[in-house]
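Residue-level listing of the chains:
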Amino acid sequence: MSIVARRKVLGGIGAGLAAGALGGASAWTQGKRKLGYAVVGLGSYATQQIMPRLAQCEFAELRALVSGMPEKLEKFGAQYGIPRTHWYDYRGYDRIRDNPDIDLVYVVLPNSMHAEYSIRASQAGKHVLCEKPMAVSAAECEAMIAAARAARRKLMIGYRCHFERYNLHAVELVRSGFAGRPTLITSEHGFYARPGQWRLDRALSGGGSLMDIGIYSLNAARYLSGEEPVEISAMESTDRDDERFRTVEDRIDWQMRFPSGAIANCVSSYSSGHNAFRVTGNRGWVELEPATSYAGHRMRTREGGRINDVTLPAPAKDQFVAQLDHLAESVLSGTALRASGEEGLRDMRLIEAIYRSARERRAITLA
Ligand code: NAD
């Protein structure tokens, strides 16, 4: 079976992988104009990863910029040919309501600003793509979902790995029974956080490594297992003498038990480098390292006693382009979203349980 055909039979994050995400032009979009994104927050992720990818999209393009810094509006407005009429600062942000060129809003701000700027976009009648973590509490996530629902607009979360070919293939292999019955998932994410950035200020980040990078360990454990955990047990290890960790945690590791009996061991760190996962079953394993990086994914599998390197063909769209197009295509075609607000809320509830388990030094049973 071809990769395209096999992807269509995936469950979990593979489910709903639409033709557009694989680069096929669909009859229903032919002749229609592309949808326009406003990008909110012109920081490193927005300007280095997202805005260049918008030029490669099939169903969307960059139409407006939102920033508190006039010099950034000047610079990126000139670079991307965005007219001044389509530049906004944070106070004037709600005026996007009056701009019919803006269909979609991509919120790429510090975490504690996600809820406010997503809700204001929904209220302005726009569809929203909001970066991970969805917000800084489950209550905020619920308010975002309610605002999008009230406005009858879509709300998607920036889980780009749900569109990344190696991650999709790993899910496919696990679901196909390649490794046998999955019993153990290890999922490790971390990097060295430089001092002096908003990520280390709880008021802006909502938490430390878990909110930022550990969320990849969490989300991957869920899509690899295809299950929701029933029990969580976490431990935190933070050197509070390190000036970076006055208000947020450094390292937090946790275990999750799934209904099938599978266990996930997850790592989240701001003081060591990790980017890997492995799913082990009774017949073999599937691993990615790096697993959730921007590029350069490497897959290995073990089948019986044999270890194989797996290389996949280049996709028509990389994970960023596929994600950006997915929201536009979903709006245009009325199809369901992958990585919806509900997905972000599930992670946020689990993040709250992880913090609670570490704080109270006990396992948390989930309903
Ligand atoms: P960044 O610091 O590079 O950019 C943040 C932007 O927000 C800047 O343009 C800054 O000017 C603006 N901003 C507005 N108000 C601010 C305030 N009070 N304090 C600080 N900045 C303020 O950060 P980033 O790395 O681009 O991260 C932005 C968001 O994107 C975060 O939610 C992060 O989790 C997410 N992100 C996702 C990925 C991914 O792979 N999906 C990668 C990086 C970042």
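Residues numbered from 1 in each chain as written. Predicted model: local features only at pLDDT ≥ 70, side-chain atom pairs only at ≥ 80, totals over all residues. Heavy atoms only, no water.

Participant: Sorry, what's going on with unusual backbone geometry here?
Facilitator: Only a minority of non-glycine residues have a phi that is not negative, and only a minority of peptide bonds are not trans. Each neighbour pair has its own omega, and for Lys-132 with Pro-133 the value is -15°, a cis peptide bond. Within the element layout of this structure, Pro-133 appears in the loop between strand S5 (127-130) and helix H5 (138-151). The omega angle of the peptide bond from Glu-289 to Pro-290 is -5°, so this bond is cis rather than trans. Positive phi, normally seen in glycine, also occurs at Arg-152, with a value near 55°. As for its placement among the helices and strands, Arg-152 is situated in the loop between H5 and strand S6 (155-157). Its identity as a non-glycine residue notwithstanding, Ala-339 has a phi of 55°, on the positive side. For Ala-339, the position within the fold is in the loop between helix H9 (319-333) and helix H10 (341-360). Overall, the relative accessible area of 7% leaves Ala-339 in the buried class. (Helix = DSSP H or I, 4+ residues; strand = E, 2+ residues; numbered from the N terminus. Buried < 20%, exposed > 50% of the residue type's maximum accessible area, 1.4 Å probe, protein only.)

Participant: Please clarify how the layout of surface pockets should be interpreted in this entry.
Facilitator: Empty space left among the atoms is revealed by rolling a probe the size of a water molecule over them. The calculated volume of the largest pocket comes to roughly 820 Å³. Along the walls of the largest pocket sit 34 residues, with Ser-44, Tyr-45, Trp-198, Arg-199 and Tyr-294 positioned nearest its centre. Taken together, the elements giving at least two residues each to the lining of the largest pocket come down to helix H2 (44-54) and helix H8 (209-225). Here the element with the most residues in the lining of the largest pocket is H2; it accounts for five residues. In terms of residue class, the lining of the largest pocket is built from 14 nonpolar, 13 polar and seven charged. Structurally, the lining of the largest pocket is a two-domain feature, drawing no fewer than three residues from each of domain 1 (23-160) and domain 2 (162-315 + 341-365). Around the second largest pocket sit 19 residues that line it, and Glu-236, Ile-252, Tyr-355, Ala-358 and Arg-359 are the ones nearest its centre. (1 Å grid on protein atoms, 1.4 Å probe; cavity = no way out; pocket = protein on both sides within 12 Å on 5 of 7 lines; lining within 4 Å. Points joined across faces, edges and corners; volume = space filled by probe spheres on them. Nonpolar A, V, L, I, M, F, W, Y, C, P; charged D, E, K, R; others polar. Domains from an automatic or database assignment.)

Participant: How do you make sense of the sheet that holds strand S1 (residues 35-40) when you look at a structure like this?
Facilitator: Neighbouring strands of a sheet are bound in pairs by backbone hydrogen bonds; such pairs are parallel or else antiparallel. With respect to topology, six strands assemble into an open sheet ordered S3-S2-S1-S4-S5-S6, the strand pairing being parallel. The open sheet is flanked by strand S3 (87-88) and S6, the only strands paired with a single partner. As judged from the four bridges shared by S1 and strand S4 (residues 104-107), these two strands associate in the parallel manner. Looking at the pairing, Val-40 lines up with Val-107 of S4. Across the sheet, helix H3 (residues 70-80) touches strand S2 (60-66) and S3, and the angle it forms with S2 is around 160°. (Pairing = 2+ DSSP bridges. Contact = heavy atoms within 4.5 Å. Axes fitted to C-alpha atoms, helices over the stretch in contact; angles between N-to-C directions.)

Participant: In this structure, what is going on with the packing of aromatic side chains? I would like to understand it.
Facilitator: Applying the stated criterion to the full structure yields seven aromatic pairs. Where Tyr-45 meets Phe-320, the ring centres are 6.3 Å apart and the plane angle is 55°; that geometry is what we call tilted. In this pair, Tyr-45 is assigned in helix H2 and Phe-320 in helix H9, connecting sequence segments 275 residues apart. Like Tyr-45, the residue Phe-320 is buried in the burial classification. A centroid spacing of 5.4 Å and a plane angle of 70° characterise the contact between Tyr-294 and Phe-320, whose relative ring orientation is edge-to-face. Residue Tyr-294 is found in the loop between strand S12 (284-288) and strand S13 (299-303), and its partner Phe-320 is found in helix H9; the two are separated by 26 residues along the sequence. One aromatic cluster in this structure is built from Tyr-45, Tyr-294 and Phe-320. (Phe/Tyr/Trp six-rings, centres within 6.5 Å; stacked < 30°, edge-to-face > 60°.)

Participant: I'm lost on the confidence of the model for the protein chain in this one. Help?
Facilitator: Scored by pLDDT, the protein chain comes out at a mean of 93, with 91% of its residues at no less than 70. The low-confidence segment residues 1-12 (pLDDT under 50) makes 19 contacts with residues lying over four places distant or belonging to another chain. Across residues 14-30 the pLDDT falls below 50, and counting only partners more than four positions away or on other chains, this stretch makes 37 contacts in the model. (pLDDT = per-residue confidence, 0-100.)

Participant: How should I be thinking about the site of the ligand in this particular structure?
Facilitator: Near the ligand lie 23 residues; those nearest to it are Ser-44, Asn-111, Arg-160, Trp-198 and Arg-199. Between Tyr-216 and the ligand, the recorded distance is 3.0 Å, taken from a side-chain N or O atom to an oxygen atom. Applying the majority rule of atoms within 2 Å of the grid points places the ligand in the largest pocket. Listing elements by their share of the shell around the ligand, those giving two or more residues are H2 and H8. Here the residues of the shell around the ligand are counted per class, giving twelve nonpolar, five polar and six charged. Summarising the domain contributions, the shell around the ligand has at least three residues from each of domain 1 (23-160) and domain 2 (162-315 + 341-365). (Near = heavy atom within 4 Å. Polar contact = N/O pair within 3.5 Å; in protein donor to acceptor, adjacent residues only side chain to side chain. Sits in = over half its atoms within 2 Å of the grid points.)

Participant: Is there a simple way to think about the domain arrangement of the protein chain in this case?
Facilitator: Quoted interface sizes are often the accessible area lost when the parts come together. Split into domains, the protein chain comes out as domain 1 (23-160) and domain 2 (162-315 + 341-365). Placing the centre of domain 1 and that of domain 2 at their C-alpha centroids yields a distance of 27 Å. Listed per partner, the contact involves 21 residues of domain 1 and 25 residues of domain 2. Of the roughly 2000 Å² buried where domain 1 meets domain 2, counting both sides, 58% is carbon and sulfur surface. Our enumeration of links across domain 1 and domain 2 arrives at three salt bridges. Note that Asp-212 and Lys-132 form a salt bridge whose closest N and O atoms lie 3.5 Å from each other. Linking domain 1 with domain 2 are 16 residue pairs in polar contact (both at pLDDT 80 or more). Counting only elements with at least two residues in the side of domain 1 that touches domain 2, the list comes to H2, H5 and S6. Ranked by residue count, the leading element in the side of domain 1 that touches domain 2 is H5, at five residues. Residue composition of the side of domain 1 that touches domain 2, grouped by class: 13 nonpolar, four polar and four charged. (Buried area = accessible area lost by both parts, 1.4 Å probe. Salt bridge = Lys/Arg side-chain N within 4 Å of Asp/Glu carboxyl O.)

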